[in-house]
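# A structural walkthrough
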Amino acid sequence: MIDIVLVEPEIPNNTGAIARTCACTGARLHLVKPLGFDISASAVKRAGLDYWHLVDLTVYEDIADYFARRGDENLWLTTTKAPRSYAECDWSGDVTLMFGKETAGLPEWLREKYRERCVRIPMVSEARSLNLSNAAAVLTYEALRQQGFPGLLGYGAMRA
């Protein structure tokens, strides 16, 4: 199972795109408040998110609430400040991918506490970072690849 955790996401389009990735892959989405947008049923309907019902979503009041309810087992933090590439990780089992808010990333105390669980996506030195939704898709599909794309249509056809 793959869990995607967004800590204080600010941009609704990024969260919407990540929700679609979750809907298409069976990954679970976890949102840690405060959120920079409304996810009420009426707001989701108004935004035309016709796949929202396919998303296994949990919302947390803050990061302390998240850790109290979920713990930190199988946790990987994504940051441009990570000491290693995601390609060096074994994600063949359950994995939780945590992403920070678009303007600031994950808090420094969190990156320090889990330094050995921080990963980055390789990119040219002149680029600051990938878009949050692109980064979530890259890492989700890498974890799925390592797990053999469990339950996803089309994988058997790709191997044939």
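Residues numbered from 1 in each chain as written. Predicted model: local features only at pLDDT ≥ 70, side-chain atom pairs only at ≥ 80, totals over all residues. Heavy atoms only, no water.

### A few points about the environment of W52
Its place among the elements puts W52 in the loop between α2 (41-46) and β3 (56-60). When the C-alpha atoms of W52 and M98 are compared, they prove to be 20 Å apart, with 46 residues separating the residues in sequence. (Helix = DSSP H or I, 4+ residues; strand = E, 2+ residues; numbered from the N terminus.)

### Comments concerning the packing of helix α1 (residues 12-25) against helix α5 (residues 132-146)
When two helices pack together, their arrangement is captured by the angle between the axes and the distance separating the axes. Two elements in contact, α1 and α5, have axes separated by 8 Å at closest approach and are oriented at 20°. By the angle class used here, α1 and α5 are roughly parallel. α5 is crossed by α1, and the crossing has right-handed handedness. From α1, N14, A17, I18, T21 and T25 reach across to α5, where they touch L132, S133, A136, A137, T140, Y141 and L144. Of the residues in the contact of α1 with α5, the class split is seven nonpolar, five polar and no charged. (Axes fitted to C-alpha atoms, helices over the stretch in contact; angles between N-to-C directions. Parallel < 35°, antiparallel > 145°, perpendicular 65-115°, else oblique. Left-handed = near helix turned anticlockwise from the far one by under 90°. Contact = heavy atoms within 4.5 Å. Nonpolar A, V, L, I, M, F, W, Y, C, P; charged D, E, K, R; others polar.)

### What to know about α1
An α-helical segment advances 3.6 residues per turn. Residues three or four places apart therefore align on the same side. Between its first and last C-alpha, α1 extends 20 Å over 14 residues, near the 20 Å set by a 1.5 Å rise per residue. All of the buried residues in α1 are N14, T15, G16, I18, A19, T21, C22, A23 and T25. For α1, the secondary structure elements touched by its buried residues are β1 (2-7), β2 (28-32) and α5. The positive-phi residue at the C-terminal boundary of α1 is G26, with phi of around 85°. (Expected span 1.5 Å × (residues − 1). Buried < 20%, exposed > 50% of the residue type's maximum accessible area, 1.4 Å probe, protein only.)

### Quick look at the packing of aromatic side chains
On inspection of all chains with the given rule, the structure shows five aromatic pairs. Consider the rings of Y60 and Y66, whose centres lie 5.1 Å apart with planes at 80°: the pair is edge-to-face. Among the residues examined, Y60 registers a relative accessible area of 2% and is labelled buried. Pairing Y86 with W91 gives two aromatic rings, centres 6.5 Å apart and planes at 20°, and the pair type is stacked. For the residue pair Y86 and W91, the accessibility class agrees, reading buried in each case. Seen from the ring of W76, R117 lies directly overhead, with NZ or CZ sitting 4.1 Å from the centre. (Phe/Tyr/Trp six-rings, centres within 6.5 Å; stacked < 30°, edge-to-face > 60°. Lys NZ or Arg CZ within 6 Å of the ring centre and 35° of its normal.)

### Let's talk about the side chain of H30
Mapped onto the elements, H30 comes out in strand β2. Reaching out from H30, the side chain makes a polar contact with the side chain of Y60 at a distance of 2.8 Å. (Polar contact = N/O pair within 3.5 Å; in protein donor to acceptor, adjacent residues only side chain to side chain.)

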